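# Observations on the three-dimensional arrangement
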Amino acid sequence: MPLHCAAPDAPKRFASAPLTRCAACGDWMVAPLMSEFDAAGEIRHHWVCESCGEVSCTTVVLAAAESE
Ligand SMILES: [Zn+2]
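Residues numbered from 1 in each chain as written. Predicted model: local features only at pLDDT ≥ 70, side-chain atom pairs only at ≥ 80, totals over all residues.

On to the overall build of the protein chain, then. A tally of helices and strands in the protein chain yields 1 helix and 5 strands. Seen in sequence order, the protein chain has helices and strands lined up from the N terminus as β-β-β-β-β-α. Going through the 68 residues of the protein chain one by one, you find that 6% of them count as buried. Contacts spanning at least 24 positions in sequence make up 33% of the contacts within the protein chain whose residues lie at least 6 apart. (Helix = DSSP H or I, 4+ residues; strand = E, 2+ residues; numbered from the N terminus. Buried ≥ 20, exposed ≤ 12 C-beta atoms within 10 Å, placed from the backbone. Contact = placed C-beta atoms within 7 Å.)

Take a look at the structure:
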(Lines give C-alpha, C1' and ligand atoms only; values in the text may rest on other atoms or scores of the structure.)
Protein backbone atom coordinates (compact mmCIF):
# COMPACT_ATOMS: atom_id res chain seq x y z
CA MET A 1 0.00 0.00 0.00
CA PRO A 2 1.57 3.31 -1.05
CA LEU A 3 2.08 5.88 1.65
CA HIS A 4 0.66 9.25 0.81
CA CYS A 5 1.81 12.25 2.70
CA ALA A 6 0.41 15.65 1.91
CA ALA A 7 0.26 18.83 3.86
CA PRO A 8 -2.08 21.66 3.04
CA ASP A 9 -0.46 24.52 1.20
CA ALA A 10 0.30 26.99 3.94
CA PRO A 11 1.08 30.58 3.15
CA LYS A 12 4.81 31.27 3.34
CA ARG A 13 4.31 33.63 6.24
CA PHE A 14 3.39 30.59 8.34
CA ALA A 15 6.48 28.65 7.38
CA SER A 16 8.04 26.70 10.20
CA ALA A 17 11.35 27.49 11.80
CA PRO A 18 14.14 27.50 9.25
CA LEU A 19 16.87 24.93 9.56
CA THR A 20 19.85 26.44 11.23
CA ARG A 21 23.39 25.41 12.09
CA CYS A 22 24.91 25.46 15.53
CA ALA A 23 27.25 28.43 15.92
CA ALA A 24 29.60 26.36 18.09
CA CYS A 25 29.97 23.06 16.20
CA GLY A 26 28.21 23.66 12.86
CA ASP A 27 25.84 20.72 13.19
CA TRP A 28 22.31 21.11 11.81
CA MET A 29 19.54 21.86 14.29
CA VAL A 30 16.23 20.75 12.82
CA ALA A 31 13.66 21.77 15.43
CA PRO A 32 13.67 24.50 18.03
CA LEU A 33 13.29 23.55 21.67
CA MET A 34 10.69 26.28 22.07
CA SER A 35 9.15 29.04 19.97
CA GLU A 36 7.37 32.15 21.11
CA PHE A 37 5.32 34.74 19.29
CA ASP A 38 5.70 38.42 20.12
CA ALA A 39 2.66 40.66 19.59
CA ALA A 40 4.95 43.04 17.65
CA GLY A 41 5.19 40.40 14.91
CA GLU A 42 8.33 38.47 15.75
CA ILE A 43 8.77 34.76 16.32
CA ARG A 44 11.71 33.73 18.48
CA HIS A 45 13.02 30.18 18.21
CA HIS A 46 15.12 28.86 21.09
CA TRP A 47 17.57 26.14 20.07
CA VAL A 48 19.72 23.64 21.93
CA CYS A 49 22.26 21.78 19.83
CA GLU A 50 21.92 18.02 20.31
CA SER A 51 25.60 17.54 19.45
CA CYS A 52 27.30 19.99 21.80
CA GLY A 53 24.57 21.54 23.96
CA GLU A 54 25.07 25.10 22.68
CA VAL A 55 22.04 27.31 23.41
CA SER A 56 21.01 29.90 20.83
CA CYS A 57 18.05 31.98 19.66
CA THR A 58 16.89 33.08 16.21
CA THR A 59 14.25 35.67 15.39
CA VAL A 60 11.86 35.73 12.43
CA VAL A 61 10.11 39.01 11.65
CA LEU A 62 6.78 38.43 9.95
CA ALA A 63 6.30 40.29 6.66
CA ALA A 64 3.24 42.15 7.97
CA ALA A 65 5.29 43.45 10.91
CA GLU A 66 8.08 44.67 8.60
CA SER A 67 5.70 46.79 6.52
CA GLU A 68 4.10 48.52 9.53
ZN1 LIG B 1 26.63 22.35 18.45
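The strands that make up a sheet are held in pairs by hydrogen bonds between backbone atoms, and each pair lies either parallel or antiparallel. The 3 strands lie next to each other as S3-S4-S5, forming an open sheet whose pairing is antiparallel. The open sheet has two edge strands, strand S3 (34–38) and strand S5 (55–61), and neither has a second partner. On average, each strand axis in the sheet is tilted by 20° relative to the strand beside it, whichever way the strands run. For S3 and strand S4 (residues 42–48), the ladder comprises 5 bridges, and the chain directions are antiparallel. Its bridge partner lying in S4, Glu 36 is registered against Arg 44. (Pairing = 2+ DSSP bridges. Axes fitted to C-alpha atoms, helices over the stretch in contact; angles between N-to-C directions.)

Across the 5 residues of S3, 0 count as buried, placing the element largely on the outside. Count of turn residues in the S3/S4 antiparallel hairpin: 3 residues, of which Gly 41 carries a positive phi of about 100°.

Tracing the backbone through its elements, the reader meets Trp 28 in strand S2 (residues 28–29). Beyond its immediate sequence surroundings of up to four residues, Trp 28 is in contact with Leu 19 and Arg 21.

Nothing here speaks to function; it is all geometry.
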